[in-house]
Amino acid sequence: MVDFGFDIKHLFPQPIIRVQPHSLRPKITQLQHHHCSLTGNPQRRHLTLPSCQLSQILDVMGKLSADAQGLRHPVTTADKLTADQVVYLMADEAAGHWAITGLLKVGTKDLFLFDQEGCCRRANQTPAILDFYVHESRQRCGQGKLLFEWMLEQQGWSARKCSVDRPSKKLLAFMGKHYGLVRTIPQGNNFVLYEGFFDGPITKCNTVRELQATSRFRSQSLARDQTQLSIRNGAHSGHFRRAIANQESELKTSLHGRRRNEPRTFASTTCIQGSRGRSSDHN
Ligand code: ACO
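Summary of the structure given here. (Residues numbered from 1 in each chain as written. Predicted model: local features only at pLDDT ≥ 70, side-chain atom pairs only at ≥ 80, totals over all residues. Heavy atoms only, no water.)

Let's shift gears to helix H4 (residues 143–155). In a regular helix each residue adds 1.5 Å, so 13 residues correspond to 18 Å; H4 covers 18 Å between its end C-alpha atoms and thus fits that length. Among all positions in H4, only Gln143, Gly144, Leu147, Phe148, Met151 and Leu152 are buried. Along H4, the residues classed as buried sweep out an arc of 165° about the axis, all on the same side. Contact partners of the buried residues in H4: strand E1 (16–19), strand E2 (85–92), strand E3 (99–114), strand E4 (120–134) and helix H5 (169–179). Count one or two residues on from H4 and you reach Gly156, which has phi positive near 75°. (Helix = DSSP H or I, 4+ residues; strand = E, 2+ residues; numbered from the N terminus. Expected span 1.5 Å × (residues − 1). Buried < 20%, exposed > 50% of the residue type's maximum accessible area, 1.4 Å probe, protein only. Arc of directions from axis to C-beta. Contact = heavy atoms within 4.5 Å.)

Below, the structure written as structure tokens:
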């Protein structure tokens, strides 16, 4: 477990708490009020605010998680937490005092994904597992399952519908053991999807055909505008021609560029690359 230089009990009315950005950044007025109501060194007083303590916990746990995964930079820090992300923190008093045992960061992402037929789809607001860590002293005791189940319940998600950002070997084993999730759908990015991801109503997707139709419609509208402008001005408008070309190339890059330029990754391989750059692959 991870101890801090302050008592964490008051932060945990139950063993797992939900942390969002608004619970981390203390408001200026809150800080001023706190300074006024206390004597002593005001510079250090704000460190006793729950929001500051939670920020410290996130930073320390984020660093431990990164170390455990061999990442160069933490995926989780208080500063980096965005409005569409939530961190679940777990603690217990097994050691005779309250200590932090785990962290799970999740969020939603708009992603271009390949389905089982290899068709590229745009999936909006995809549930994503971003960072998951249980302290070494507590691993393989069911703590991870406890935390993950709690998160699924709170988010209203199912494990099969979650994308997982560059899972470690331990997490792949975890998903297999607890949720029977083994068969993956190969992707062109860092995310791992499991078979069944595209089943049912939860995932809202646009197929490539729909995306191309939207792009064609936009191009046609631009071309129409260009013609009208050319007629009015009696001149060619290079700007509009370039705008049409840009739109079409943007869509092509999103849909096909990944396939051409990046290796399609498989959950069973260790060569998944990208934002969660590992310095070595220990997991
Ligand atoms: N080797 C292989 N599989 C493991 C290991 C390990 N060292 N540790 C956990 N697992 C898997 C196994 O399937 C294990 O079942 P088993 O013991 O019967 O083989 C199962 O997880 C245990 O389940 P729990 O006890 O509920 O999970 P735990 O508390 O160990 O938490 C977690 C799982 C979070 C993956 C933990 O092992 C951990 O923190 N690992 C280090 C950091 C890490 O790799 N995090 C995931 C990064 S990827 C991402 O965050 C998107």
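The next thing to look at is the layout of surface pockets. Taken as a whole, the largest pocket holds about 700 Å³ of empty space. What lines the largest pocket is a set of 30 residues, and nearest its centre among them are Gln139, Arg140, Lys170, Leu171 and Phe174. When contributions to the lining of the largest pocket are tallied by element, the ones reaching two or more residues are helix H3 (50–69), E4, H4, strand E5 (163–165) and H5. Looking at the lining of the largest pocket, its residues break down into 12 nonpolar, 8 polar and 10 charged. (1 Å grid on protein atoms, 1.4 Å probe; cavity = no way out; pocket = protein on both sides within 12 Å on 5 of 7 lines; lining within 4 Å. Points joined across faces, edges and corners; volume = space filled by probe spheres on them. Nonpolar A, V, L, I, M, F, W, Y, C, P; charged D, E, K, R; others polar.)

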